[in-house]
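Residue-level structure breakdown
The chain contents come next:
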Amino acid sequence: MLQRLLVDRLLVAVAVFTTFYISIKFIFLRYGLVFPGYGLFALSCGALAAILFARSIRPSPFLLSRTDITASAVVVGLFGLLVGAEFSSGYILPVHDPIAVPIFGQIIAGGRLPMDVYQPGDSGFTYPPGYPILISPLFGFASKYRILFLFKLLNLAVVVATPAVWAWGIARLFPSKIRPSLLLAGTYVAFFGLERTLPFTLPFAGKNAMLLAGLLCPIIIVVLLESSRSLWQFAIGTVALFGLTLIHFSALHMTAALLAGYLLVRLIERDIDLRQIVLLGAAGVLTAIGILFTLQEVVRDPRAGGFGSPEILSGLSLMAAAFTSEQNWLMTIYASQDFGVAGSPYKGLQLLLCFGGPLLASWLVPSSKNLRALRQISIAFFTALVLSLAFAFRVIPAGIQAEFVGWYLFFLQAGLFTSGILTVLVLAREGNILTRRIFTAAAIVGGLSAVALISFDTVHYTKWNNSQRVSKADLSQVAHTISDAAEGRQCLLISESIGMVNDFVIFQLAKPLEYVEYLTNCNFVNGSYVHRSLPHARDLDGMPPPSILTSLPSDAAILVIAQPERLQKYTAQLNDANLAHKLTALGTTAGLGVWRITLGDAERTVPPGP
């Protein structure tokens with residue numbers, strides 16, 4: 001019991017501290033209540049709430065032997081080594097997303113929220129502030145470069161720990177006699193070997209805020225269920241839910257869907273607590289009101305999805321198609337484009353099988369408490385999955401777009417896969433001789449298939465990470481080259497870049513350039529990953545026309561970063577517009593040329609050769 005209580009208290013304390021600290025610091029920042037030591041005050045409030053709530057937590061119902069502890073440590077260690085080996089190369093992760101949280105955290109460390117810096121329409125303006133708030137204290141004692149590496153390690157740790165936390169949540173909410181180590185192993189196989197979106201995020205998607213919210217979600221659900229015992233616990237639970245929502249706004253939808261599934265199970269089992277339902281509803285309503293009042297800009301953002309009227313018939317048709325189509329973009333994100341990742345055909349049907357299997361098994365073997373628990377798990381996660389699809393396809397308008405539902409849907413799908421895996425393992429141990437043989441064979445075949453998929457993904461992700469490797473020296477060279485070129489003046493950058501989603505986000509041609517705004521005082525005129533370009537600053541094939549150049553501060557250092565061929569074309573375009581200017585070559589960085597552009601020279605510039 002001591003080990004169980006220690007695990008429970010540790011997980012609850014970490015989740016409550018994290019979300020409470022985020023909530024308190026956000027309120028200070030949002031309403032300009034920043035004062036010397038406000039961050040320490042927020043940390044103290046988080047620590048106090050964590051200690052108080054963790055001390056009141058009831059122990060989990062599962063048994064935890066030394067064998068289970070050892071086996072669980074081995075499982076977590078193996079997957080930790082796997083993920084660590086895949087991404088050991090490089091100082092940062094090979095996607096664009098990891099630049100967002102550090103640059104926003106840097107802004108928060110200076111006493112402002114990103115929405116105080118960016119403009120409506122910028123991705124930074126409506127980015128959830130929770131994760132940046134969480135890492136902002138690092139800027140008090142670590143260098144910018146070290147923080148990038150620490151952030152990489154933190155994301156790797158989140159991915160490795162997520163299946164373990166969800167296994168703990170399942171074991172606590174749905175008691176059974178299934179060995180915790182077996183449940184843990186089944187959950188890891190579900191996330192890494194069957195569902196497979198979790199490891200995919202690191203090399204190709206990022207989604208760092210969603211991953212952190214997904215890690216904490218099962219713990220916050222336990223906190224909310226425990227908080228119905230007293231009003232002070234209810235207050236802490238509500239603040240914790242608010243903090244979780246600040247980490248990623250769709251976490252509120254995921255939590256609501258999972259709680260609905262859990263309460264449906266309790267209703268089926270005739271173990272419903274009306275006081276608990278009322279307080280859970282109140283926590284959700286108060287959190288939603290808190291978001292509406294403090295982040296009205298987010299609610300009004302077109303990407304929020306809005307509410308409006310339901311689209312029942314078309315939505316139900318899309319929900320049915322999601323379960324029956326060969327490849328559904330919402331359920332199998334890594335198959336939506338050619339990422340080189342093996343697809344998962346008919347994932348919707350696989351999920352239906354993982355829902356129906358435990359139900360049928362518990363009906364055929366009603367005496368098995370383990371199968372009864374697995375039936376409860378499958379009902380809860382399937383209910384959450386169906387509700388989430390209803391959110392996505394506007395059967396239930398909930399202020400969220402389908403894309404954002406897709407990025408939390410994989411947690412629910414992994415839960416369903418876990419119930420299916422464990423049903424096979426339980427029948428391989430508890431059935432008659434013929435049943436045990438059949439399901440033992442099924443477990444072996446399924447296990448080998450999962451190992452094959454994990455191995456394929458590991459090789460592919462390792463190769464991709466190595467091909468996208470960025471070292472600390474690469475980042476330093478870019479930062480120093482551009483800082484030196486600016487000569488201490490205000491620094492404005494014009495880069496050859498790629499606009500995506502109607503230029504909502506801008507990708508640089510070289511990955512180190514994504515970090516220039518974080519590592520230096522320079523800003524991109526024609527847009528970056530975290531903000532749009534100046535109005536019309538991409539009108540000239542992605543670069544600013546003369547009208548924009550002449551509107552820039554005359555004393556600023558204006559630097560152009562591009563391939564020689566693109567610069568030659570840009571110079572010709574400026575000459576055609578009769579803009580007097582001069583280009584001065586300053587060297588190269590990240591494989592691209594760096595030039596200073598000076599306006600007002602009497603002669604037109606001769607375009608440089610490639």
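Up top is the structure these notes are about.
The paragraphs below set out a description of the structure included in this document. (Residues numbered from 1 in each chain as written. Predicted model: local features only at pLDDT ≥ 70, side-chain atom pairs only at ≥ 80, totals over all residues. Heavy atoms only, no water.)

Digging into the nonpolar core
Generally speaking, nonpolar side chains in soluble globular proteins are found buried as a group. Applied cut-off: As used in this record, nonpolar core signifies buried Ala, Val, Leu, Ile, Met, Phe, Trp, Tyr and Cys residues forming a set joined through side-chain atoms within 4.5 Å. Burial classification: accessible surface area is computed with a 1.4 Å probe over protein chains only, and a residue below 20% of its type maximum counts as buried, one above 50% as exposed, and the rest as partly exposed. We call two residues in contact when some of their heavy atoms are within 4.5 Å.
Core analysis: the biggest nonpolar cluster contains 168 residues, and Phe 192, Phe 200, Leu 258, Leu 389, Tyr 408, Phe 411 and Leu 475 have the highest contact counts within it. Phe 200 has contacts with Ala 205, Ile 333, Tyr 334, Phe 339, Val 341, Trp 407 and Tyr 461, leaving out every residue within four places of it along the chain. If you look at the next biggest cluster of nonpolar residues, it comprises 20 residues, including Val 525, Met 543, Ala 556 and Tyr 570.

Looking at the pairing of strand β2 (residues 497-500)
In plain terms, the rule: At least two bridges found by DSSP between two strands are what make those strands a pair. Under the scheme used here, helices are H or I runs from DSSP no shorter than 4 residues and strands are E runs no shorter than 2 residues, and both carry numbers assigned from the N terminus.
Across four bridges, the pairing between β2 and strand β3 (residues 505-508) is antiparallel. From the neighbouring strand, Gly 499 faces β3, where its bridge partner is Ile 506. The hairpin turn running from β2 into β3, its antiparallel successor, is four residues long, and Val 501 in that turn takes a positive phi close to 55°.

Section: the packing of helix α7 (residues 180-195) against helix α8 (residues 197-205)
Operational definition: Angular values range over 0 to 180 degrees, each being the angle between N-to-C directions of two axes fitted as lines to C-alpha atoms, with helices fitted over their stretch in contact. For this scheme, ten residues count as nonpolar: Ala, Val, Leu, Ile, Met, Phe, Trp, Tyr, Cys and Pro. Four count as charged, namely Asp, Glu, Lys and Arg, and the remainder, Gly too, count as polar.
The interhelical angle for the contact between α7 and α8, taken along N-to-C directions, is 65°, at an axis separation of 7 Å. Of the residues in α8, those in contact with Phe 191, Phe 192 and Glu 195 of α7 are Thr 197, Leu 198 and Pro 199. The class makeup of the residues in the contact of α7 with α8 is four nonpolar, one polar and one charged.

Examining the sheet that holds strand β4 (residues 523-524)
Reading across from one edge, β4-β1-β5-β7-β6 is the order of the five strands in this open sheet, with mixed pairing throughout. Bordering the open sheet on either side are β4 and β6 (581-589), each of which pairs with just one other strand. Summarising the sheet, strand β1 (residues 491-495) and strand β5 (residues 557-562) pair through five bridges and their orientation is parallel. Bridging across to β5, Leu 493 finds its partner in Leu 559. Packing of helix α19 (residues 472-486) onto the sheet brings it into contact with β1, β5, β6 and β7 (592-599), and relative to β6 it is tilted by some 155°.

Considering α19
Applicable threshold: Each residue after the first adds 1.5 Å to the expected span of a helix. Here the arc refers to the set of directions running from the helix axis out to each C-beta atom.
When the terminal C-alpha atoms of α19 are compared, their 21 Å separation across 15 residues agrees well with the 21 Å that a helix rising 1.5 Å per residue should span. Residues of α19 that are buried include every one of Leu 475, Val 478, Ala 479, Thr 481, Ile 482, Ala 485 and Ala 486, and no others. Mapping the buried residues of α19 onto a view down its axis gives an arc of 165°, with all of them on the same face. Exposed residues pointing more than 90 degrees away from the buried face of α19 are listed as Ala 473 and Asp 484. Packing partners of the buried residues in α19 comprise α6 (144-173), β1, α20 (516-519), β5, β6 and β7. Residue Glu 487 follows α19 closely and has a positive phi angle near 55°.

Regarding the state of the cysteines
Definition in use: Cysteine sulfur atoms are paired as a disulfide whenever they come within 2.5 Å of each other.
Across all of its chains, the model carries one disulfide by this definition. There is a disulfide in this structure between Cys 491 and Cys 522, and the S-S distance comes to 2.1 Å. An S-S torsion of about 95° defines the bridge between Cys 491 and Cys 522 as right-handed. Linking Cys 491 in strand β1 with Cys 522 in the loop between α20 and β4, this pair joins segments that are 31 residues apart in sequence.

A word on the side chain of Ser 419
As a reminder, the rule being used: The term polar contact refers here to a pair of N or O atoms within 3.5 Å; inside protein, the definition further demands a hydrogen-donor-capable atom paired with an acceptor-capable atom, and it admits residues adjacent in sequence only when both atoms are side-chain atoms.
By secondary structure assignment, the location of Ser 419 is in helix α17 (residues 402-430). Here Leu 416 takes part through its backbone oxygen, which lies 2.7 Å from a polar atom of the side chain of Ser 419. Contacts of Ser 419, omitting those with residues within four sequence positions, involve Cys 354, Pro 358, Leu 374, Ile 377 and Ser 378.

Considering the side chain of Thr 18
With respect to the secondary-structure elements, Thr 18 resides in helix α1 (residues 2-30). From its side chain, Thr 18 meets the backbone oxygen of Val 14 in a polar contact 2.7 Å long. With near-sequence residues (within four places) excluded, Thr 18 lies in contact with Leu 134 and Leu 216.

So, unusual backbone geometry
Phi at Arg 270 is positive, roughly 55°, even though this residue is not glycine. Overall, Arg 270 belongs to the exposed group, its relative accessible area being 80%. Residues other than glycine seldom take positive phi values, yet Tyr 346 does so here, at roughly 50°. Within the fold, Tyr 346 resides in the loop between α14 (312-324) and α15 (347-364). Exposure remark for Tyr 346: the relative accessible area of 38% places this residue in the partly exposed category.

Describing the pairing of β7
Within β7, six of the eight residues are buried, which leaves it mostly tucked inside the rest of the structure. Where β5 lies against β7, four bridges are found, and the strand directions are antiparallel. Bridged to Ala 562 within β7 is Gly 593. Pairing analysis gives eight bridges linking β6 to β7, with the strands arranged antiparallel. Across the sheet, Thr 588 pairs through a bridge with Gly 593, a residue of β7. Two successive antiparallel strands, β6 and β7, enclose a turn made up of two residues, where Ala 590 displays a positive phi of approximately 55°.

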